[in-house]
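Report on the structure
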Amino acid sequence: MCLVEDEATGRIMASCVTPAASGMSVLTHSPRILNHRRNIVRLMMAEHPESCIVCNKGNRCELRKIAAELGVGESGLYPMPNPIPFEQINPFITRDLTKCILCGKCIRADHDLVVTGAIEYNNRGFRSRPATLHEKPLEDSICTFCGTCVSICPTGALSAKNTRYAGTPERETDSICGFCGAGCSLTIGTAGGAPGQSVVDVNPSKRKVSVNGATLCMRGHFAGDFLNTSDRLIRPLVRNPDPFSRETHLPADWDAALTLVATRLSDVRRTYGPEGLAFIGSSKCSNEENYLFQKIARDIIGTSHVMSAGWGFGQRLLARIDEKTLGSVRVSPLSDLENAEVIVAVNADPENTVPVAGYHIKRAVRKGANLIAVDAARSDLARRATFWVQPGLAGTAVVLQSLARALVAKDHYQGQFVAQFCSGFEEFSESLTNSPKNPAASVLHSSVQAAADLINGKTVAFAMPANLLDFSDGEETLNAILNLCFLTGCLKPKSSGLYVLNTENNLAGALDMGTAPNFLPGRVKITDAESRGMDMGELVSAMETGRIKAAYVMGENLLRCLPQQDRVAAALKNLEFLVVQDIVRNRTTEMADVILPGAAVYEKNGSFTNMEGRIQTFSPAASPPGEARPDWEILGQLVRAMGYPEQYQSIEKIRKEIRQAVPMYQGLGNHYQEWVRNRETGNPFICGDARFSFFPPSGLKTPSPDPAYPMLAHIAPVRYHLGSGTRTSRSERIRAWGQAGEVELPTAAFQSLGGNGSGKVRVTSRFGSIERTFRENRNLPEDQVIIPMGVNGNDAANLADLTGGWTLAWVCVEKIG
Ligand code: SF4
Ligand code: SF4
Ligand code: SF4
């Protein structure tokens, strides 16, 4: 279709593969060319089924558009339909290759954009088609169901399951994915009335500036149907005073519910003082909602107990980085990853946490970047790495310290950056030389030396998971990564940088807004111990002892995401008053005295700040169900019910206050996108006069297992669930996918349990136990297991320590039949 004609020679050429040459005069719409194009379209139509009338692609079909533009009404050729059966088994993608025009776009998307390699052309000529290896169904291939090929397919050959006959969207609205911290731009297609009641399509947005370009991942593309779950809360509910009734809660109107909340919160405050109340917000809610939430807590109620469950899922790490670098490391555009010549991925598994960050890393590797994966398990990245360094007994921090030692010893560090921006290099260098060598690290000596040679003089990027501090050597590992950032100068603008793979969409924004126990808006650290709020473990203890009497929970299902859920449930039961504001019924709402129904991300306006520090605003694509309202609106009305009538009646009023209170957000709401500004320079990308201090190794600790619980369990995110899975487990498609969340055991442990994977295992920690089916993972070290999060009500969380890291636990594993 891209044929053009060289005017001088009359030669017909495919423009997509012909380089322009001096003196060439190209005709793009000559009668001859148009005639050729018409013939090609006729051939395509001869092979195409006559199902346009029911095809979901409808008016968006590019074949139809081009045929209309060229004035081709019908093929005029003998029909030659290509009978290929529909592939219908998986719950995400329908492939009807009878409509395939062999444009190859899906293959290029799969290879060049998401770098998976699941599909390729199979066969030749009339039988040619895009297919998996051996033409297996997609679910039996390495396809990740990212849906990028579906969005890019110009015809109805590839479509999203369940929306296949839902009709052409009547309205398209750009929004931001509400799952992970990449903050991908989406276009939501809705049908059924203004502003749109039913989401019929989700695609990458066509905005010129976005994190994700033409890609999405399985969650962003397909899990948005959780909005339609029958568990949605559609009206305010208050606890039924009749304890013998089957209905635990009764409907209430908004005024009555909010008045009750305002009155009861004031009563508790009056009786027990402001410190008797706790406010637990969410890094899934918007910046505006988090700002207003902490404002009500701190300024109206006067309590210091402001918390977000995101604190245990990565906010703690962001706060530590902020403290350690004095706020100078804030922004690293994901696109810069592709300019990196070396990427060091430490315990990073973007495939399952932030897939779009994984695409950037894989594209960089495809372009020639060297990847150094430091990881106990052989993740997808480790498989693609130039070097996979498995720390083993030495521990990750020790491996990274060895790398720093090698860089300094070989003079492979960026002396100019160190001299200009860093302090404490001499002491650091001395401490590296003098620190005792860990014998376990000696086996890695050659890999570390080779990695240091790779890094020499190159632009380097570092990627780490949001749960880094959960590891027993997490703090030491963070110090080691920061030291490497200083040594490689990667914090300079356009030098790749430091990437924390935030698993929750607004981890950074919620911290910026002050929904954290020891930070005020603008990441102003609360240094006075008296004014600091309690963390989650302390809060639960305070509920148990009766020190906390009332709690307001916004956007978090605590009884699914927190460890030790029975303990948390008992603590919540001990409260005199509990308000829960959420979008779906769940175990936590069941315990509430008042339930306030919120709107989901595609049903409201607001802004999120992604893992790069990119603030992105969004508008509603659909209306909230029933009487549900955006969380910011509920909070604004609560402020009014508390006696401040005109304060926060519009989102613009909240944004105006954020712009004043949080200088880093001075551009919030003025544009679709803004960047969080550097505190010192005001510029998001320049570290200005920052002085980074090196962190000498504090001691070479290795994890010491409790003999009763000898294995380290990674309670790990999976591709098809986001975190604890409160939302994704309500997606019809994800439910249909039906993954069992099998415990993954290393080969030795697998074989000692019979070696055939039949039956179940019981995994027990000091805090709880779970039972699941299991399978072998040959890439795991012998003392580690992986337990997928999000499935089975996220029961795996119960293995972890509420007062420690929430994603790691020491466990023992036994076969139970
Ligand atoms: S993008 Fe669609 S039409 Fe093009 S080759 Fe792939 S399946 Fe066929
Ligand atoms: S869904 Fe994604 S991974 Fe699967 S074939 Fe399409 S582009 Fe490749
Ligand atoms: S990478 Fe994250 S933000 Fe992007 S589509 Fe997937 S879940 Fe959504």
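The written sequence of each chain sets the order in which its residues are numbered from 1. Lettering for chains starts from A, numbering for ligands starts from 1, and both go in the order in which the items are written. Local features in this predicted model are restricted to residues of pLDDT 70 or higher, and side-chain atom pairs are both shown and tallied only at a pLDDT of 80 or more, whereas totals for entire chains, interfaces and linings draw on every residue. Heavy atoms throughout the structure, all of them, feed into the side-chain values; hydrogens and water do not.

1. Side note on the pattern of salt bridges
Convention followed: By salt bridge we mean one thing: a side-chain nitrogen of Lys or Arg within 4 Å of a carboxyl oxygen of Asp or Glu. Labels follow the DSSP assignment, with helices taken as runs of H or I lasting at least four residues and strands as runs of E lasting at least two, numbered in each case from the N terminus. Here's how the labels work: a residue is buried when its accessible area is under 20% of the maximum for its type, exposed when over 50%, partly exposed in between, all with a 1.4 Å probe on protein chains only.
Throughout the structure, instances matching the rule amount to 40 salt bridges. Between D593 and R239 there is a salt bridge, with its nearest N and O atoms 3.8 Å apart. Note that D593 is positioned in the loop between α20 (587-590) and β25 (594-597) and R239 in strand β11 (residues 237-239), a separation of 354 residues in sequence. Given a relative accessible area of 33%, R239 falls into the partly exposed group. Taking the shortest distance from any N to any O, the salt bridge between E771 and R762 comes out at 3.3 Å. With relative accessibility at 27%, the residue R762 sits in the partly exposed group.

2. Things to note about the sheet that holds strand β26 (residues 606-609)
Counted only if it meets this: If DSSP finds at least two bridges between two strands, the strands pair. Fitted lines through C-alpha atoms give the axes, limited to the stretch in contact for helices. The angle between two N-to-C directions lies from 0 to 180 degrees.
An order of β26-β27-β28 is seen for the three strands of this open sheet, with the pairing classed as antiparallel. Only two strands of the sheet have a single partner each, and these edge strands are β26 and β28 (673-675). Between one strand axis and the next, the sheet turns by 25° as a mean value, whatever way the strands run. Pairing analysis gives three bridges linking strand β27 (residues 614-618) to β28, with the strands arranged antiparallel. Across the sheet, Q616 pairs through a bridge with Q673, a residue of β28.

3. Things to note about helix α13 (residues 425-434)
The cut-off we apply is this: This arc is built from the directions going out from the helix axis to the C-beta atoms.
All buried positions along α13 are accounted for by F425, F428, S429, S431 and L432. Along the long axis of α13, the arc covered by the buried residues comes to 160°, so they all point the same way. Residues E426, E430, T433 and N434 are exposed on α13 and point more than 90 degrees away from its buried face.

4. Regarding the domain arrangement of the protein chain
How we decide: Reported domain spans reflect what an automatic or database domain assignment gives. Contacts are assigned to residue pairs that have any heavy atoms within 4.5 Å of one another. Summed over both partners, the accessible area (1.4 Å probe) lost when two parts come together is defined as the buried area.
Partitioning the protein chain into domains gives domain 1 (1-79), domain 2 (237-242 + 249-316 + 505-675), domain 3 (334-493) and domain 4 (711-816). Contact residues are listed per partner, giving 20 residues for domain 2 and 19 residues for domain 4. Between domain 2 and domain 4, the buried area comes to about 1,700 Å², and carbon and sulfur atoms account for 61% of it. Counting across the interface, domain 2 meets domain 4 through zero salt bridges. Put simply, the parts of the chain that give the side of domain 2 that touches domain 4 at least two residues each are α17 (536-545), α18 (558-561) and α19 (565-573).

5. What to know about the nonpolar core
Worth spelling out the cut-off: The criterion is simple. A nonpolar core is a set of buried Ala, Val, Leu, Ile, Met, Phe, Trp, Tyr and Cys residues joined through side-chain atoms within 4.5 Å.
Judged by nonpolar contacts, the single largest core of 111 residues is most densely connected at L498, M536 and F692. In terms of residue count, the dominant contributor to this core is helix α15 (residues 474-488) (eight residues). Residues within four places of M536 in sequence aside, it is in contact with I280, M307, S308, A309, L558, L562, L802 and W806.

6. Some remarks on the pairing of strand β20 (residues 497-501)
Extensive coverage of β20 is indicated by the burial of five of its five residues. The pairing of strand β19 (residues 460-465) with β20 spans five bridges and is classified as parallel. Bridging from a neighbouring strand, F462 pairs with L498 of β20.

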